[in-house]
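Geometric and topological summary
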Amino acid sequence: MPQAVTIKTLMDMKQKQTRIVTLTAYDYPFARIADEAGVDVLLVGDSLGMVVQGGASTLGVTMDEMIYHTGIVARGAKRALVVGDMPFLSYQVSLSEAVYNAGRFLKESGAAAVKLEGGAAVVDRIKAMTDAGIPVQAHIGLTPQSVHQLGGYRVQRNEERLLLDAEAAESAGAFSVVLEGIPGEIAKSITSALKIPTIGIGAGRDCDGQVLVLHDILGLNAGHVPKFVKQYAALRNDAMQGIESFIREVREGAFPGDEHTY
Ligand code: KIV
């Protein structure tokens, strides 16, 4: 049985300059595959709302949906650290609701940590959660839950503000910070300023680790592929071909054959 990844493992990886691989997961079969392949962190992202539920943003995802999906991912993860993403309005309204909802991820779904969006604006949340024994990953830069405030999914370039957010999250007790949609040079200086690991998405190569959305790297989505995404497989095509073959064989009476018949 491989040694399970903990938040201490991630800290050691930063010190040894071993890059941390994070991938999103939303269900048991893909959690098992990613875990067996050697992914370090499985993030049950609220990107669920877009890639699994087909929504236009992440805003509609609920706590109960996140708890359900995090639970089935945790069941498939033997080695990877499972992080549950706190959905919109699960931590913004009050400090006590924030701690309660964060705790639900550990208590009800088997996650080992949570992620929330924000830096300086959520330091009280990060501190209260870590004080309650809940490891917290912060997420700064292009924060999709603030899409309407940001005026769209735009690269964030205010270096001073980004550094302030990252340092605030670290001081409040976060074990890691996701840097999304920021120039590579800014991500590089934040990464060297922090003791905790940075995990980049659309933030260049100089972060301590990288995260991408599972459906993006496997080519499961139709349509536009953002600049920061690399597709390592073409599962949508494979699935289409497999399903078309099944349809054809059923129509032609070629399936089931004798070998599939009792
Ligand atoms: O929701 C998500 O999947 C995320 C990652 C892409 C960082 O927040």
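For clarity, every value in this text was computed on a predicted model and none was experimentally measured.

Criteria and thresholds
Residues numbered from 1 in each chain as written. Predicted model: local features only at pLDDT ≥ 70, side-chain atom pairs only at ≥ 80, totals over all residues. Heavy atoms only, no water. Pairing = 2+ DSSP bridges. Helix = DSSP H or I, 4+ residues; strand = E, 2+ residues; numbered from the N terminus. Axes fitted to C-alpha atoms, helices over the stretch in contact; angles between N-to-C directions. Contact = heavy atoms within 4.5 Å. Polar contact = N/O pair within 3.5 Å; in protein donor to acceptor, adjacent residues only side chain to side chain. Near = heavy atom within 4 Å. Areas by Shrake-Rupley, 256 points an atom, 1.4 Å probe, with all protein chains shown as cover. Nonpolar A, V, L, I, M, F, W, Y, C, P; charged D, E, K, R; others polar. Salt bridge = Lys/Arg side-chain N within 4 Å of Asp/Glu carboxyl O. Buried < 20%, exposed > 50% of the residue type's maximum accessible area, 1.4 Å probe, protein only. pLDDT = per-residue confidence, 0-100.

Glancing now at the sheet that holds strand β3 (residues 81-85). Two pairing modes exist for strands in a sheet, parallel and antiparallel, and in both the strands are linked by backbone hydrogen bonds. Spatially, β1-β2-β3-β4-β5-β6-β7-β8 is the arrangement adopted by the eight strands of the closed barrel, whose pairing is parallel. Strand-to-strand twist across the sheet, computed as the mean angle between neighbouring axes with direction ignored, equals 25°. The sheet contact formed by strand β4 (residues 113-117) and strand β5 (residues 136-141) spans four bridges and is parallel. Bridge pairing in β5 places Leu-116 opposite Ala-138. Its contacts with the sheet put helix α8 (residues 159-172) on β5 and β6 (176-180), and the angle it makes with β5 is roughly 175°.

What follows deals with the side chain of Thr-24. Structurally, the position occupied by Thr-24 is in strand β1 (residues 20-24). In terms of polar contacts, Thr-24 uses its side chain to reach the side chain of Tyr-26, at 2.8 Å. Once residues lying within four places of it in the same chain are set aside, the contact partners of Thr-24 are Leu-43, Ser-47, Leu-212, Val-213 and Leu-214.

Close contacts around the ligand come from Thr-24, Leu-43, Gly-45, Asp-46, Ser-47, Asp-85, Lys-115, His-139, Ile-201 and Val-213, and that covers them all. In this structure, Ser-47 approaches the ligand through a side-chain N or O atom, which is 2.5 Å from an oxygen atom. One of the side-chain N or O atoms of Lys-115 is found 3.0 Å from an oxygen atom in the ligand. Burial of the ligand by the protein amounts to 95% of the accessible area it has alone, namely 260 Å². For the shell around the ligand, the residue count by class is three nonpolar, four polar and three charged.

Moving on, we come to the pairing of strand β8 (residues 209-212). When β1 meets β8, the two strands line up parallel, connected through four bridges. Directly across from Thr-22, in β8, lies its bridge partner Val-211.

Let us look at the side chain of His-215. Counting through the fold element by element, His-215 comes out in helix α10 (residues 214-217). Apart from residues lying up to four places away in sequence, His-215 is in contact with Tyr-26, Val-51, Val-52, Leu-220 and Asn-221.

Under the counting rule described, the total for this entry stands at ten salt bridges. Linking Glu-108 and Arg-104 is a salt bridge whose minimum nitrogen-to-oxygen distance equals 2.8 Å. On the criterion of helical spacing, the pair formed by Glu-108 and Arg-104 is a turn pair, its members being four residues apart in helix α5 (residues 95-109). Its relative accessible area of 44% is what places Glu-108 among the partly exposed residues.

Moving on, we come to the confidence of the model for the protein. Of all residues in the protein, 100% attain a pLDDT of 70 or more, and the chain-wide mean is 97. Put simply, helix α7 (residues 147-150) is where the protein has its lowest mean pLDDT, 96, and strand β2 (residues 41-44) is where it has its highest, 99.

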